[in-house]
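# Fold and contact review
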Amino acid sequence: MRTVVITGSASGIGLATAEILRGRGDRVIGVDLHDAEVIADLSTVAGRAAMVEDVRALSGGTIDAVIANAGLAMPSPATVAVNFYGCLATLDGLRPLLLGAPEPRAALTSSMASLMPHDDLLVELALAGDEPKALARAQELVDADLGALIYSSTKVALCRWMRRVAATADWAGAGIPLNGIGPGIVETPMTADLIASEEQRAAMADVVPMPLNGYMRPEVPGHLLAWLVSEENTHLCGQLVFVDGGSDAVIRGDSTW
């Protein structure tokens, strides 16, 4: 039996992934604000530190995989705190617990929004590790009525961070594949208000075209995450795998980068 930590496990993709893994016989340590084995607020430094210690205590000091899935889609600084810094704190904080596992794995949830317009300065500040300045920049975007750029900026920063670290000694050198998924529109509580009517769905299709089977249930990206942290995944390294019904192919065409 493998032990897998999943953040954002109480709903959406996190919940679906947890159910898939438990159905396979894995032990899941869920992390969320409610209805989870570990209750933690990943928007705060203290909450992130407490999460690591609680996971350490529950797991006995060793885990087989971690899925940094928790995220927000609000036009607010909190989205930066959770999507980027909460994700990094999860992966970096729990990496030592992976080192004792025979087949350690790690994955994160990004988004096809990483292909969308973003704020370069916010991305740079996030990657520089300056959380106060990054949060301040996010507030500047909100004040300038540009808050819609925050979510995509966090996902761009997250993908760039993953590409930079996945092949380093800390991850690949330690035998830990680190990869991510880039979902399109998933029918979850986070997106419910965006696709509630036919008019909204039509408008969203112009931004996020999904010619293959349209919007998806959270089990679809859940199965991909489950494979990324499985023992079968031995060589995928630093890859963002788009599970988006074709959005990436439509938007970028011939380009693969």
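Look a little higher up for the structure.
One structure accompanies this document, and this report is about it. Note that the coordinates shown come from a computational prediction; the quantities given were computed from them, not determined experimentally.

### A few points about the packing of helix 2 (residues 45–59) against helix 3 (residues 77–98)
Two elements in contact, helix 2 and helix 3, have axes separated by 10 Å at closest approach and are oriented at 35°. Regarding helix 2 and helix 3, the two cross each other, and that crossing is right-handed. Between helix 2 and helix 3, the residues in contact are Arg48, Met51, Val52, Val55, Arg56 and Ser59 and Ala81, Tyr85, Gly86, Ala89, Thr90, Gly93, Leu94 and Leu97, respectively.

### A few points about the pattern of salt bridges
A full pass over the atoms with the stated rule returns 11 salt bridges. Here arginine 22 ties to glutamate 37 by a salt bridge, and the two come within 3.1 Å at their closest N and O atoms. On the criterion of sequence distance, the pair formed by arginine 22 in helix 1 (residues 12–23) and glutamate 37 in the loop between strand 2 (27–32) and strand 3 (38–39) is long-range, its members being 15 residues apart. By relative accessible area, which is 44% here, glutamate 37 ends up partly exposed. In this structure, aspartate 119 engages arginine 137 in a salt bridge whose closest nitrogen and oxygen atoms are separated by 2.8 Å. You can see aspartate 119 sitting in the loop between strand 5 (105–109) and helix 4 (120–127) and its partner arginine 137 sitting in helix 5 (residues 131–143), a full 18 residues away along the chain.

### Thoughts on the environment of threonine 256
By the secondary structure assignment, threonine 256 is in the segment after helix 9 (247–252). Taking the C-alpha atoms as reference, threonine 256 lies 28 Å from alanine 174; in sequence the two are 82 residues apart.

### Some details on the sheet that holds strand 3
The strand order across the open sheet formed by 7 strands is 3-2-1-4-5-6-7, and the pairing between neighbours is parallel. Looking at which strands have only one partner, the edges of the open sheet turn out to be strand 3 and strand 7 (240–243). Running over the sheet, helix 1 touches strand 1 (3–7), strand 2, strand 4 (65–68), strand 5 and strand 6 (178–183) and is turned about 170° from strand 1. Helix 3 contacts strand 1, strand 4, strand 5 and strand 6 of the sheet and is inclined by roughly 180° relative to strand 4.

The rules behind the values
Residues numbered from 1 in each chain as written. Predicted model: local features only at pLDDT ≥ 70, side-chain atom pairs only at ≥ 80, totals over all residues. Heavy atoms only, no water. Axes fitted to C-alpha atoms, helices over the stretch in contact; angles between N-to-C directions. Helix = DSSP H or I, 4+ residues; strand = E, 2+ residues; numbered from the N terminus. Left-handed = near helix turned anticlockwise from the far one by under 90°. Contact = heavy atoms within 4.5 Å. Salt bridge = Lys/Arg side-chain N within 4 Å of Asp/Glu carboxyl O. Buried < 20%, exposed > 50% of the residue type's maximum accessible area, 1.4 Å probe, protein only. Pairing = 2+ DSSP bridges.

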